[in-house]
Amino acid sequence: MIYLNTGIVPKNKALIPVFDHGFLYGDGIYETMRAYKGVVFRLEEHIERLFRSAAMISLKIPKAPGEIKQAVYETIKANGHMEAVIRLTVSRGAGPIGLDPGLCPVPTFVIISGEFRKYPVRHYRNGVKIAIVNTRRNFRGALDPRIKSLNFLNGILAKIEAKNRGAFEAVMLDYRGYLAEGSISNIFFVKDGTLCTPSVEVGILDGITRKIIIDCAKEAGIKVVEGRFRKEDVYNAEEVFISNTTMEVMPAAEVDEVKMPAQGEMARALHKAYKRKVAEYIRTPRHTHIPGTSSLKDLSF
Ligand code: PMP
């Protein structure tokens, strides 16, 4: 079941016009979220970022944040999902050929919920392979990576390179050669016990997982540096890991044929701390309160 514009429809009825500018021009935005035990983790932050992306492309989202929250829960409920990946897309909507957003009076609003499929345990136990690819991250002054845009070709080109090199994730540098981010993840590395990650100013998506990891590290008394780094800093690191909403914290065993010396101890500790934040979140009643219902139980799974 899919949430399309105003309500839930069966998957085979969830169709959008070929004139949708999301399809024609990649004109739109999205969020990917994860539900644990039927609770969408940090939903408020995802909705906030959705509105920021929308503002950055002058798109007016046709729903209020509370309505979006309700629609997200309706979607996971309609599918009976407890452990889910939720993809929320808002595109410019249908209109004649032409770039002018004014051609599209009504945005298209879609929520897809899929059963969460776990990554292989060995990815976490042994670490994955990362390739620092030739494709550079979009220049902030052209298409700001803080816009979670439907135009994903930058990441796709990076992913193709990584795949050709047998790597799990592609990490991009920015146009000046500073470390930026993965195709769908943020990157961290550890040097002399300090946790390092590219600063948002480099031109990356300010990942929600990234922020939680930084909080966890600071709470554990770990020094955190958000800055400008080169790929050599990654090669010389003690540990490297990547993060996003679905993979949480995933250690890297190898970056461009360079084997990481440590067994991902900090990654493991931060992953545990992250899991604790998830557990805390899902048992906090105010996070599970859905507008228009008295509690999450009203949406009984
Ligand atoms: N960078 C990019 C380019 C991404 O697509 C994602 C995934 N949304 C991330 C970073 C990680 O963001 P989050 O932690 O909010 O999932």
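## A few points about the overall build of the chain
For step 1, the next point in the chain: Looking only at helices and strands, one finds eight helices and 15 strands in the chain.
For step 2, the next point in the chain: Relative to the 2.2 N^0.38 estimate, which gives 19 Å for 301 residues, the radius of gyration of the chain is 20 Å and therefore close to what a compact globule would have.
For step 3, the next point in the chain: Oriented by its inertia axes, the alpha-carbon framework of the chain measures out at about 50 × 45 × 30 Å.
For step 4, the next point in the chain: Taking the contacts inside the chain whose residues are at least 6 apart along the sequence as the reference set, 71% of them involve residues at least 24 apart.
For step 5, the next point in the chain: Looking at the chain as shown, the accessible area adds up to about 14,200 Å², and 56% of this sits on carbon and sulfur atoms.
For step 6, the next point in the chain: The averaged location of the 33 negative side-chain charges in the chain is 3 Å from the averaged location of its 44 positive side-chain charges.

## A short note on helix α5 (residues 153-164)
For step 1, the next point in the chain: Taking 1.5 Å per residue, 12 residues should reach 16 Å; α5 reaches 16 Å between its end C-alpha atoms and fits that length.
For step 2, the next point in the chain: Taken as a whole, α5 has its buried residues at Asn154, Gly155, Ala158, Glu161 and Ala162. What you see down the axis of α5 is that its buried residues fit within an arc of 120°, all on one side. What points out from α5, more than 90 degrees from its buried face, is the exposed set Leu153, Lys163 and Asn164.
For step 3, the next point in the chain: Elements in contact with the buried residues of α5: β7 (128-132) and β8 (169-173).

## As for the pattern of salt bridges
For step 1, the next point in the chain: Enumeration according to the criterion identifies 16 salt bridges in this entry.
For step 2, the next point in the chain: For Asp27, the salt bridge identified is with Arg92, shortest N-O distance 2.8 Å. Here Arg92 lies in the loop between β5 (84-91) and β6 (108-115) and Asp27 lies in the loop between α1 (21-25) and β3 (28-36), a separation of 65 residues in the sequence.
For step 3, the next point in the chain: Overall, the relative accessible area of 14% leaves Asp27 in the buried class.
For step 4, the next point in the chain: Under the relative-accessibility criterion, Arg92 is labelled buried at 6%.
For step 5, the next point in the chain: Here Lys275 makes a salt bridge to Glu248, at a shortest N to O gap of 3.0 Å. Of this pair, Lys275 sits in helix α8 (residues 265-282) while Glu248 sits in strand β14 (residues 248-255), and the two are 27 residues apart along the sequence.
For step 6, the next point in the chain: Accessibility expressed as a relative area gives 37% for Lys275, which makes it partly exposed.
For step 7, the next point in the chain: Beyond isolated ion pairs, a larger network of salt bridges with shared partners links Arg34, Glu248 and Lys275.

## Observations regarding the site of the ligand
For step 1, the next point in the chain: Around the ligand sit 17 residues in total, of which Lys148, Glu181, Ile208, Thr209 and Thr245 are the nearest.
For step 2, the next point in the chain: Contacts to the ligand include Glu181, whose side-chain N or O atom sits 2.6 Å from a nitrogen atom.
For step 3, the next point in the chain: Contact with the protein chains hides 96% of the accessible area of the ligand, taken as 390 Å² for the molecule alone.
For step 4, the next point in the chain: Of all the secondary structure elements, the ones that give two or more residues to the shell around the ligand are β9 (179-182) and α6 (208-219).
For step 5, the next point in the chain: Residue composition of the shell around the ligand, grouped by class: five nonpolar, eight polar and four charged.

## Description of the packing of aromatic side chains
For step 1, the next point in the chain: Taken as a whole and assessed by the stated rule, the structure comprises nine aromatic pairs.
For step 2, the next point in the chain: With centroids separated by 5.9 Å and ring planes inclined at 70°, the aromatic side chains of Tyr30 and Phe152 adopt a geometry described as edge-to-face. Here Phe152 lies in the loop between β7 and α5 and Tyr30 lies in strand β3, a separation of 122 residues in the sequence.
For step 3, the next point in the chain: Phe152 sits in the partly exposed class, given a relative accessible area of 28%.
For step 4, the next point in the chain: An angle of 10° between the planes, with centres 4.9 Å apart, marks the rings of Phe188 and Phe241 as stacked. Of this pair, Phe188 sits in strand β10 (residues 186-191) while Phe241 sits in strand β13 (residues 239-244); the two residues are 53 residues apart in sequence, bridging distant segments of the chain. In terms of burial, Phe188 and Phe241 fall into one category: buried.
For step 5, the next point in the chain: Linked through ring pairs, Tyr36, Phe41, Tyr274 and Tyr281 together constitute an aromatic cluster.
For step 6, the next point in the chain: Over the ring of Phe109 we find Lys63; its NZ or CZ atom is 5.0 Å from the centre of that ring.

What counts, and where the lines are drawn
Residues numbered from 1 in each chain as written. Predicted model: local features only at pLDDT ≥ 70, side-chain atom pairs only at ≥ 80, totals over all residues. Heavy atoms only, no water. Helix = DSSP H or I, 4+ residues; strand = E, 2+ residues; numbered from the N terminus. Rg over C-alpha atoms; globule rule 2.2 N^0.38 Å. Contact = heavy atoms within 4.5 Å. Areas by Shrake-Rupley, 256 points an atom, 1.4 Å probe, with all protein chains shown as cover. Lys, Arg positive; Asp, Glu negative; His and termini not counted. Charge placed at Lys NZ, Arg CZ, Asp CG, Glu CD. Expected span 1.5 Å × (residues − 1). Buried < 20%, exposed > 50% of the residue type's maximum accessible area, 1.4 Å probe, protein only. Arc of directions from axis to C-beta. Salt bridge = Lys/Arg side-chain N within 4 Å of Asp/Glu carboxyl O. Near = heavy atom within 4 Å. Polar contact = N/O pair within 3.5 Å; in protein donor to acceptor, adjacent residues only side chain to side chain. Nonpolar A, V, L, I, M, F, W, Y, C, P; charged D, E, K, R; others polar. Phe/Tyr/Trp six-rings, centres within 6.5 Å; stacked < 30°, edge-to-face > 60°. Lys NZ or Arg CZ within 6 Å of the ring centre and 35° of its normal.

So far we have only geometry, and geometry alone does not tell us how the molecule works.
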